[in-house]
Each structure stands twice: as C-alpha cells, then as structure tokens.
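Next come the chains, spelled out residue by residue.
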Amino acid sequence: LKMSWFWLYFPLHLLMATFLCHSIKAPTTSSQESFKTDLSNFYHSLILADGKETTIHLLKDIPKRYYFVLEEGRVLAPFSVTVTPCDVPIEWSILVYKPPPAKATPGDHDTREVSESQVSSIASTIFNYKGNSVETYMGMSSHSALYLLEFLSTERDTHITVYFTTDTTSGHLYPELPMDPRIDVIGIGHTTVTLTWKHSPSVLQHGESIQYCLLVNEKHNYKSLCAAETAIRSSGMKLPRTLALSLSPYLLEPQQVMILSNSELSIINKVSSGEVRQVCMGTRNTYTVPNLSPSTQYYFDVFIVNILTNASAAYTGTFARTLEEPEPKVTELKDGKVVHVVLDGKKQKFYSLQYQARHKKIHFTFQLCQGQIQVHITRNGKTVASENLSGLRYFSLKGKLLDTYLVQLRSTEDSNSSVKVQASPHFHKPLFPLLPESLKIKSFSKLRTCRSVTIAWLGTQEESKYCVYRKRIEEDQIWKELQSADRCSGPESRQKSEKVLCKYFYDLNLQRAVTTETIKGLEAGTLYLFDVYLFGPSGIPVRYHSKVVKTRKKC
C-alpha cells in the first residue's frame, strides 16, 4: 500500500493483525468469537449488516469501506452482495483477506508480529465494477475470511444501497425479474403508447404485496427506482394542483403528490426537464400511457416493487416516439357563432380560423379566458391586425364582399391558454355587452371596517345587470386565484353562498356612471376576493378584474 493512503488503511492493518494473530495462534471456535469481538470493538459502525439493505452516502473522490466476516462451520458458505447506485456511476470492488496456513513454533507463540507486506500478500480482489447498473455478486467461501467492500464516486457526492446476505435459500429481498425482462411497445398513437412486459415470478408467490410501477419521462431511462427518484428530486419539483391519497411511504416524497383513480396510483412531478409520471397499476402487465404530447420521445421504465419491504427491481427500459400531430385543419367561422379555442403552450403553434365575408364591414370579438394569446388577422393574405390580447378585444374591419379572413391564435405562455372568438357583420347583434372604460374594481381603504368593505366599479350608458360575489381566501391563495381564474366563466361556476347581490344601473353621463356597494357581514382581519359580473342583452357575462381586500383586524 502507498504511504499516501497509510492513514486510511492504518486501522485495517490493526484489524488484520488481530485477524491473523487469532488465525495463526489457534484457529478454533473460541478464537473466532474473540476475533468477532475485536472486530466489533474496532469497526462496529463499518460492519455490513447481514440480511438488511444499507444506505451508504459517498463523498466525491473519498473511498468508503465496509466489512463482513464469513466463519468456518460449513463446508461451503454462500453469500451475495447487491449494490444499487442511486445517481451517478460508481466504482466498487470486493477484496478477501484469508489467513495463511498456521506454522506456529514454540518460540513465537506469543510474540509473532504481522507486517504490512504480509497483510497485502493475503489480500486478493475477487470482484470489481464501474457503472450505474444494479449489480449482484454471488460467492462461496470454504474457510474463515474477512471481506472488504470499497466504494468510490469520482463524479460527485451521491448515495447507494447495499444488500448483503448469507441466507441465499429462504428467499430474496428484491422481487424477481422474468427470464426476459424487456418492455415491449405494442401500440403508438398521437398521445398514447401501449406497453406490455412479462410477469415477475414474485407476482405469483407474493401477489398481494407486489405491484408494477411505471415511470415515464422525456430525458432517459433509469436503471433503478432509487436512481429515478434521486433524479426527480435533484431537478426540482413543482407541486401539482390536485391533492390526493398516499398509499405507500416508499413511493411518496414530501414534495410529491399521488393521485388514485380507477385503482391506479399515479405520481406526477413537474421538473425542469419536463413532466415525470409514476403510475402503479397493481399486477397488470399491460398498460396504455395516456395524455402524451404528439411527436415527442418518451422513456419508459417498469419496476416490480414489494410494498412491504420497499425493495424493487428494474425491467430493461425502452423508449418510443409518439406520432406526429396531423396538420391542424382550418376551422370555419360562421356569422355570430362563438368558438372556444384552447391553445397548448408547449407547442407554440398557431391555431387557424377562417371566415368569408358576406358583408363589407366585419366585426371580430375576442374574449381572453386564460393565459396570454397573440392574434394575427390577414385579409386575402395581407396582415390587417396583429397584437397580444388582454381581456376583451374588438376588431372592426372594412373590406369587400367575399373577402377571406384568416385568424391565427398562439399561446405566448408555457401553460395552456384559451379564448372565445366571434366573427359577425358589423350590424349583427353584439355578443358582449357595452363595456366601461375600465374593468377594474376599486376599494376604499378609509371605508374598511372589521365587518365591512366598500367597493366601486364603472358602468355604461346602457342599462345592464351587475352581480357581486365574494370569497374568503388565505394569503398563499392570492396568486393562484388571480392568475389561474377563468375569465370567461360566469356565476354558474360559483357557489351560491358566495353571491352577495345583483343590481341594475346606467347613466347617460359616463362621468357619473359609477356605482358603489358596501358588503357587510365579514370577519375581522380576513382576506376576501371580490368579483363583479356584467350581463348584456345576450346574457353572456363579462367578468371584471378580481379584487382582494382585507378587513381591519381591530376597530
């Protein structure tokens, strides 16, 4: 051994000296028991537990060593070691230390010394591996021996799991894989992929405690469930909106969410590299993955999991690319008909609507429901309007009879956006009511009390119906309520208990077309979300911008 590593190996020299002395002096049962006692005293924390899975944390470029001892007593002593890397590739090896034949003489019975060269001469490497696959070494020992396992990570800090056992006959900690552990792709669609795999023998033996779990992601395959979960955590997860039931602490991390639907357990994580799904489907060995994106490559890994022991084994992963989405057809707009368009923010593609004019003057109406949308309008191939939508927007265009208008819509956000579109002759009955100059709701701080809030909003010169709704919210809900609200949804989506009042008003003088309302019966020091809906002749509502107001804590 090199001197630079002397202090790392020094305790091992002392340990080996003890091992050799006991072996040379008297290789009896009592000396073996004494050896075990010395070993425990020196390295209790580094002895590898028999029959248990051990999690080991590795620091970059710093080797870590664990030991186990096989004693005399059986003609052949079988053992196995299974190592599961949970992140980057690692290097690991097994060395065996065997005592030399006893050659004790009367003169050296009590004073024999063991040199470093003697320790090195009786050590031999029986296995080494470098990579990130799950590897199992199975061995057989015919005499007393001390085994050293050395682990090293050269890329970064990581962790692994190690399972050592001398009981190779009473069953396995890990579920068994079939002879052919491959996953077969038997169907590919635009948004679905159907997979099948051969049953694990463990399903027949321990059906109630065994289940298959499928991992779907857009990055690469994972060779163990441990590696997959480590990658998900390191990517940074975002909590999905749907909360659900946790069925297994093994599968659920603090920042993960499980969804139980139709006897399937799904975990959805939003990470920087895309969506990662984990679906557990019991003992079914065929599954159709739904809701995928067209023309996207996905990687699929199946794990057989024992939910009682938390142990798992990985099938050989596969990948498939969903079919390309056909070119979107151009949707025809008809006079006065409202079209609701939902745009996928991930694709950033235009959605096309076509309208053929039967009058010279044409009126386009856009009501933005969610997200942010860019609209581009051409007439006979020439651009006549292009801008980003905000709220409710009208375009009045003048052309010729039978002019062809093409309306193209695209989401400008990563998330989905939606909009309602109407095209009609200029004189056609308007879809939406006459709007005020502003759709903002104003609150009066000086008029706030512990039990009431006063708000105001602008009206129009046209008599219309206005309905006020309130909703109690918490501090951490403000952003979600303001950003994710569907601005096209009407009062029908609200609970009846949230309704405050409905009233009619108008004023021919726009400077006086303002109304106020004092909402009473509130709780002190509480946040409330207020909404006003404006109804026109068509009955389709327009929602003012939501307003959050907090009542006074003390009065």
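Report on the accompanying structure. Bear in mind that the values here come from a model prediction, so they are computed numbers and not experimental data.

## As for the state of the cysteines
Here is step 1: Taken as a whole and judged by the stated rule, the model has 5 disulfides.
Here is step 2: Here Cys 213 pairs with Cys 280 through a disulfide, and the sulfurs are 2.0 Å apart. As the torsion about the S-S bond is roughly 105 degrees, the Cys 213-Cys 280 disulfide counts as right-handed. Of the two residues, Cys 213 sits in strand 11 (residues 210-217) while Cys 280 sits in strand 14 (residues 274-280), which places them 67 residues apart along the sequence. When sorted by exposure, Cys 213 lands in the same class as Cys 280, which is buried.
Here is step 3: The residue that forms a disulfide with Cys 467 is Cys 502, at a sulfur-sulfur distance of 2.0 Å. Residues Cys 467 and Cys 502 share a disulfide whose torsion about the S-S bond is about 110 degrees; that sign makes it right-handed. With Cys 467 in strand 30 (residues 464-473) and Cys 502 in strand 31 (residues 499-505), this residue pair connects regions lying 35 residues apart in the sequence.
Here is step 4: A relative accessible area of 3% means that Cys 467 is categorised as buried.
Here is step 5: For Cys 502, a relative accessible area of 31% puts it in the partly exposed group.

## A short note on the layout of surface pockets
Using a probe with the size of a water molecule, rolled over the atoms, empty space left in the structure can be pinpointed.
Here is step 1: Looking at the second largest pocket, its volume works out to about 970 Å³.
Here is step 2: Along its surface, the second largest pocket is lined by 42 residues, and Thr 84, Val 134, Tyr 174, Ser 312 and Ala 313 are the ones closest to its centre.
Here is step 3: Every element with two or more residues in the lining of the second largest pocket is listed here: strand 3 (77-85), strand 6 (135-141), strand 8 (158-165), helix 5 (225-235), strand 16 (297-306) and strand 17 (312-314).
Here is step 4: Here the element with the most residues in the lining of the second largest pocket is helix 5; it accounts for 5 residues.
Here is step 5: The residue inventory of the lining of the second largest pocket, partitioned by class, reads 17 nonpolar, 17 polar and 8 charged.

## Notes on a nonpolar patch on the surface
Here is step 1: Together, Val 185, Ile 188 and Leu 323 make up a nonpolar patch on the protein surface, roughly 210 Å² of accessible area in all.
Here is step 2: Summarising the element assignment, Ile 188 is placed in strand 9 (residues 183-188).

## Quick notes on the nonpolar core
Here is step 1: Within the largest apolar cluster, 24 residues are counted, with the highest numbers of intra-cluster contacts made by Phe 364, Phe 366, Ile 377 and Leu 409.
Here is step 2: Every element with two or more residues in this core is listed here: strand 20 (338-343), strand 21 (351-356), strand 22 (361-370), strand 23 (373-379), strand 25 (392-398), strand 26 (404-411) and strand 27 (417-425).
Here is step 3: Ranked by the residues each element gives to this core, the list is headed by strand 22, at 4 residues.
Here is step 4: Once you skip the residues sitting within four places of it in the chain, Ile 377 turns out to touch Phe 364, Phe 366, Lys 382, Thr 383, Val 384, Ala 385, Phe 395, Leu 397, Tyr 405, Leu 406 and Val 407.
Here is step 5: With 23 residues, the next largest nonpolar core counts Phe 68, Phe 127, Tyr 147 and Ile 160 among its residues.

## Brief notes about the pattern of salt bridges
Here is step 1: Counted under the stated rule, the structure contains 14 salt bridges.
Here is step 2: For Glu 150, the salt bridge goes to Arg 65, with nearest N and O atoms at 2.8 Å. In this pair, Glu 150 is assigned in strand 7 (residues 145-152) and Arg 65 in strand 2 (residues 64-70), connecting sequence segments 85 residues apart. Of the two residues examined, Glu 150 and Arg 65, each falls in the buried class.
Here is step 3: Here Arg 512 ties to Asp 507 by a salt bridge, and the two come within 3.8 Å at their closest N and O atoms.
Here is step 4: Accessibility expressed as a relative area gives 54% for Arg 512, which makes it exposed.
Here is step 5: In this structure, a network of salt bridges that share partners links the residues Arg 494, Glu 498, Asp 531 and Arg 543.

## Brief notes about unusual backbone geometry
Here is step 1: The backbone phi angle of Asn 291 is positive, close to 55 degrees, even though this residue is not glycine.
Here is step 2: Among the secondary structure elements, Asn 291 is positioned in the loop between strand 15 (286-289) and strand 16.
Here is step 3: Even without being glycine, Leu 402 reaches a positive phi, approximately 65 degrees.
Here is step 4: Given a relative accessible area of 56%, Leu 402 falls into the exposed group.

## Observations concerning the sheet that holds strand 15
Here is step 1: Here 3 strands make up an open sheet; going across it, the order is 9-10-15 and the pairing antiparallel. Pairing within the sheet leaves two strands with one partner each, and these edge strands are strand 9 and strand 15. Strand-to-strand twist across the sheet, computed as the mean angle between neighbouring axes with direction ignored, equals 25 degrees.
Here is step 2: Bridge analysis of strand 10 (residues 193-197) against strand 15 gives 4 bridges, and the strand direction is antiparallel. Bridge assignment links Thr 194 to a residue of strand 15, and that residue is Thr 288.

Criteria and cut-off values
- Residues numbered from 1 in each chain as written.
- Predicted model: local features only at pLDDT ≥ 70, side-chain atom pairs only at ≥ 80, totals over all residues.
- Heavy atoms only, no water.
- Disulfide = S-S within 2.5 Å.
- Helix = DSSP H or I, 4+ residues; strand = E, 2+ residues; numbered from the N terminus.
- Buried < 20%, exposed > 50% of the residue type's maximum accessible area, 1.4 Å probe, protein only.
- 1 Å grid on protein atoms, 1.4 Å probe; cavity = no way out; pocket = protein on both sides within 12 Å on 5 of 7 lines; lining within 4 Å.
- Points joined across faces, edges and corners; volume = space filled by probe spheres on them.
- Nonpolar A, V, L, I, M, F, W, Y, C, P; charged D, E, K, R; others polar.
- Patch = residues over 30% accessible without salt bridge, like charges linked within 9 Å, V, L, I, M, F, W, Y side chains within 5 Å.
- Areas by Shrake-Rupley, 256 points an atom, 1.4 Å probe, with all protein chains shown as cover.
- Salt bridge = Lys/Arg side-chain N within 4 Å of Asp/Glu carboxyl O.
- Core = buried A, V, L, I, M, F, W, Y, C linked by side-chain atoms within 4.5 Å.
- Contact = heavy atoms within 4.5 Å.
- Pairing = 2+ DSSP bridges.
- Axes fitted to C-alpha atoms, helices over the stretch in contact; angles between N-to-C directions.

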